[in-house]
Amino acid sequence: MLSFVLQYMTGSIELTDMLMIVGVLFFVALCCLPVHECAHAWMADKLGDPTGRLKGRITLNPFAHLTLVGTLMMLIFGFGYAKPVPVNIRNFKKRKLYFAITAIAGPVSNILLSVIFIVFMYIFYIAGIFSSAGVLDVAIDFFFYVAYFNVMLAVFNLLPVPPLDGSRLVTMVIPDKYYYKLLSLERYFVYILFGLIFVFNRVFNFSPISGISDFVFDCIYFVVSLPFELILR
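Note that the coordinates shown come from a computational prediction; the quantities given were computed from them, not determined experimentally. (Residues numbered from 1 in each chain as written. Predicted model: local features only at pLDDT ≥ 70, side-chain atom pairs only at ≥ 80, totals over all residues. Heavy atoms only, no water.)

Re the overall build of the chain
- Assigned secondary structure in the chain consists of nine helices and zero strands.
- Here the analysis covers contacts within the chain between residues at least 6 apart in sequence; of these, 70% occur between residues at least 24 apart.
- Roughly 12900 Å² of accessible area belongs to the chain as shown, and the carbon and sulfur atoms make up 71% of that amount. (Helix = DSSP H or I, 4+ residues; strand = E, 2+ residues; numbered from the N terminus. Contact = heavy atoms within 4.5 Å. Areas by Shrake-Rupley, 256 points an atom, 1.4 Å probe, with all protein chains shown as cover.)

A short note on helix 9 (residues 208–232)
- When the terminal C-alpha atoms of helix 9 are compared, their 35 Å separation across 25 residues agrees well with the 36 Å that a helix rising 1.5 Å per residue should span.
- The sharpest bend along helix 9 comes to roughly 45°, located at L226, with the proline P227 sitting one to four residues further on. (Expected span 1.5 Å × (residues − 1). Bend = angle between axes of the 7 residues up to and from the residue.)

So, the nonpolar core
- Within the largest apolar cluster, 37 residues are counted, with the highest numbers of intra-cluster contacts made by V24, F117 and I118.
- At the level of elements, helix 2 (15–46), helix 4 (68–77), helix 5 (95–129), helix 6 (134–157) and helix 9 are the ones that each hand at least two residues to this core.
- Per element, the largest residue contribution to this core is 13 residues, and it comes from helix 6.
- With near-sequence residues (within four places) excluded, I118 lies in contact with A147, F217, I220, Y221 and V224.
- Grouped together as the second largest cluster of nonpolar side chains are nine residues, A39, M43, A44 and L47 included. (Core = buried A, V, L, I, M, F, W, Y, C linked by side-chain atoms within 4.5 Å. Buried < 20%, exposed > 50% of the residue type's maximum accessible area, 1.4 Å probe, protein only.)

Some points on the environment of P62
- With respect to the secondary-structure elements, P62 resides in the loop between helix 3 (51–54) and helix 4.
- You can call P62 buried: its relative accessible area is 18%.
- In this structure the C-alpha to C-alpha distance between P62 and A29, which are 33 residues apart in sequence, comes to 8.2 Å.
- If sequence neighbours within four positions are ignored, P62 has contacts with L30 and P34.

Overview of the packing of helix 2 against helix 5
- As a packed pair, helix 2 and helix 5 sit with axes 8 Å apart at the nearest point and diverge in direction by 140°. Classified by the angle between their axes, helix 2 and helix 5 sit oblique to one another. Pair helix 2 / helix 5 crosses with right-handed handedness. From helix 2, F27, C32, V35, H36, A39, H40, M43 and A44 reach across to helix 5, where they touch I101, T102, A103, A105, G106, P107, S109, N110, L113 and F117.
- Partitioning the contact of helix 2 with helix 5 into residue classes produces 12 nonpolar, six polar and no charged. (Axes fitted to C-alpha atoms, helices over the stretch in contact; angles between N-to-C directions. Parallel < 35°, antiparallel > 145°, perpendicular 65-115°, else oblique. Left-handed = near helix turned anticlockwise from the far one by under 90°. Nonpolar A, V, L, I, M, F, W, Y, C, P; charged D, E, K, R; others polar.)

Comments concerning the side chain of N110
- The topology assignment puts N110 in helix 5.
- When its relative accessible area of 0% is taken as the criterion, N110 is described as buried.
- Of note is the side chain of N110, whose polar atom sits 2.6 Å from the side chain of H36.
- Each residue touching N110, except ones within four places of it in the same chain, is listed here: C32, H36, N150, L153 and A154. (Polar contact = N/O pair within 3.5 Å; in protein donor to acceptor, adjacent residues only side chain to side chain.)

Everything listed is a geometric property; what it means functionally is a separate question.
In C-alpha cells:
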C-alpha cells in the first residue's frame, strides 16, 4: 500500500486506483489470510494432529489468526504474515510427509481462492454486458486484484525458505539430524527473508515474487477463463 500511496502523491495513479488497492489489501488480510491459516489447521487435524483445532484455529474469524505486525506489513508493504498454526508433528504417523501436506494446504487454499474470484469476476463481467451500472466495473477490478494477490500469497509461501510452507517440501527429504536442526533455527530465517525482499524491492526495484506470481496467475487465468470465453463468443 505504501508504494501506491507514494505513486498517488506523485500523480502516477488516480485516487480511485489507490483506494481500490487499499480495499483489496484489507480484504486479503481480513478474509484470505484466515482461510490460509484455517486450511493448515484443518489439514493437520485430518492427518491426526488436533493441536490447531484445540487452539481454535479451524475458523475464518480473522482475530484468531492475524497479528498486528504481520497485518500492518501486509497493508503497508503488500506482504506480511499471520499467526502460525501450532502443529505437533509427533501426532503424525508419517511426520515429515504429513507436515509437508499440512504446510502445502495453505498455498493450495490461496490458489483455490484465486480461481473462485476469477469466476466471480467473469460473472460480474457477464452481468455488465446487460447493465451499464458502473459498480459492476469496480467489482470486476476488485475481484481481479484479489485473485492476483491470492496467487502472490501462494507463491510467497511456497518459497523454500524456513519457516515458509515451501520449506516443508525441502525438509521432507533431508536427513533427520539436519531436519530438526533446521526447525530450531527457522525463526531467524524469516528476518533474513523480509530483509532480502525489502532490498530487492526498494534498492534494486526488482521483485522476483512478482515475476513468478505474474506467470502463475496468467496460467490460472487462462485455464479458468476458457469456458467463459467460449460462452462469450
